[in-house]
Amino acid sequence: MSLSSKFLALIVTANLAFPAYAGDIMIKDAYARTAMAGAKSGAAFMQIMNHSDEEDRLISASADIAKRVELHTHKDMGDGVMKMMEVEDGFVIPAGGMHSLARGGDHVMFMGLTQTMVQGESVQVTLTFEKAGEMIVQIPVDSERQDHGAMKHGDMDHTGHSADK
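Treat the numbers as computed from the prediction; the structure is a model and nothing was measured. (Residues numbered from 1 in each chain as written. Predicted model: local features only at pLDDT ≥ 70, side-chain atom pairs only at ≥ 80, totals over all residues. Heavy atoms only, no water.)

1. Digging into the pattern of salt bridges
Then step 1. In total, this model carries three salt bridges according to the counting rule given.
Then step 2. Between R145 and D29 there is a salt bridge whose closest N-O contact spans 2.9 Å. With R145 in the segment after β11 (133–140) and D29 in strand β2 (residues 25–33), this residue pair connects regions lying 116 residues apart in the sequence.
Then step 3. Between K131 and E54 there is a salt bridge, with the nearest N and O atoms lying 3.7 Å from each other. With K131 in the loop between β10 (122–129) and β11 and E54 in the loop between β3 (41–50) and β4 (56–62), this pair connects stretches of sequence that are 77 residues apart.
Then step 4. Residue K131 is classed as partly exposed on the basis of its relative accessible area of 48%. (Salt bridge = Lys/Arg side-chain N within 4 Å of Asp/Glu carboxyl O. Helix = DSSP H or I, 4+ residues; strand = E, 2+ residues; numbered from the N terminus. Buried < 20%, exposed > 50% of the residue type's maximum accessible area, 1.4 Å probe, protein only.)

See below:
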């Protein structure tokens, strides 16, 4: 491994080690990825913790790297077909609890990427919560990460994910 590769790995590891905060909301273990080089879409995953005694809700996300950014989930359409779809009401973050955005489940979807998501660099994403407000998060790009038991993005039915939409 070259010196620059080791330095880049150290930076990515440091970004993963330091959680981000907005009020009582904490973001931990965030990463973003694309399914393959040159992809027109990508996604971000993370753990969202709520340290308050009131539930909150992630209601939107935005980023300059894509034409559209939406909160998405997967729905089983039957016959082994999973479909991604927007969750317009957002995700509830329970009081004193956590909500995971993970591959094969809820996630932040980047559609119509306007720049390449480069392995080891980071993307800036603004998460908006109903009560905690806006939170800017630097999310490291890690397209090589393998989360055990997660469904691969390439296995999904991407119907309705046009960047022109």
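Back to the write-up after that little detour.
2. Some words on the sheet that holds β4
Then step 1. Taken together, the four strands give an open sheet; going across it, the order is β7-β4-β10-β11, and neighbouring strands pair in antiparallel fashion. Unpaired on one side and paired on the other, β7 (91–93) and β11 mark the two borders of the sheet. Along the sheet, successive strands turn relative to each other by an average axial angle of 40°, direction set aside.
Then step 2. As paired strands, β4 and β7 are joined by three bridges and run antiparallel to one another. Considered in β7, the bridge of R57 is made with V92. (Pairing = 2+ DSSP bridges. Axes fitted to C-alpha atoms, helices over the stretch in contact; angles between N-to-C directions.)

3. Some remarks on the packing of aromatic side chains
Then step 1. This structure, assessed with the given rule, holds one aromatic pair.
Then step 2. Ring geometry for Y31 versus F45: centroids 5.2 Å apart, planes at 40°, classification tilted. Residue Y31 is found in strand β2, and its partner F45 is found in strand β3; the two are separated by 14 residues along the sequence.
Then step 3. Judged by its relative accessible area of 2%, Y31 is buried. (Phe/Tyr/Trp six-rings, centres within 6.5 Å; stacked < 30°, edge-to-face > 60°.)

4. Focus: the environment of I139
Then step 1. Structurally, the position occupied by I139 is in strand β11.
Then step 2. Classification of I139 as buried rests on a relative accessible area of 0%.

5. Quick look at unusual backbone geometry
Then step 1. Unusually for a residue other than glycine, D29 sits at a positive phi of about 55°.
Then step 2. By relative accessible area, D29 is classed as partly exposed at 28%.

6. Thoughts on the confidence of the model for the protein
Then step 1. Looking at the protein as a whole, its pLDDT mean stands at 81, while 75% of the residues score no less than 70.
Then step 2. Scored below 50 in pLDDT, residues 1–17 shows ten contacts in the model against residues more than four places distant or in partner chains.
Then step 3. Taken together, the stretch residues 148–165 has pLDDT below 50 and engages in 32 contacts with residues farther than four places along the chain or on a different chain. (pLDDT = per-residue confidence, 0-100. Contact = heavy atoms within 4.5 Å.)

7. A few points about the nonpolar core
Then step 1. One finds I27, M46, V108, F110 and L127 to be the most contacted residues of the largest nonpolar core, which totals 29 residues.
Then step 2. Those elements that place two or more of their residues in this core are β2, β3, β4, β5 (66–76), β7, β9 (107–113), β10 and β11.
Then step 3. If sequence neighbours within four positions are ignored, L127 has contacts with I27, M46, L58, S60, A61, V108, G133, E134, M135 and V137. (Core = buried A, V, L, I, M, F, W, Y, C linked by side-chain atoms within 4.5 Å.)

8. Re the pairing of β5
Then step 1. In terms of burial, β5 is a largely internal element, eight of the eleven residues being buried.
Then step 2. Sheet topology note: the β5/β9 ladder contains six bridges and is antiparallel. Note on β9: the bridge partner recorded for A66 is L113.
Then step 3. Strand direction decides the pairing type here: β5 and strand β6 (residues 82–86), joined by five bridges, are antiparallel. Looking across to β6, one finds that H74 is bridged to M84.
Then step 4. Counting the residues that bridge the hairpin from β5 to β6 gives five residues, and of these G78 lies at a positive phi of roughly 90°.

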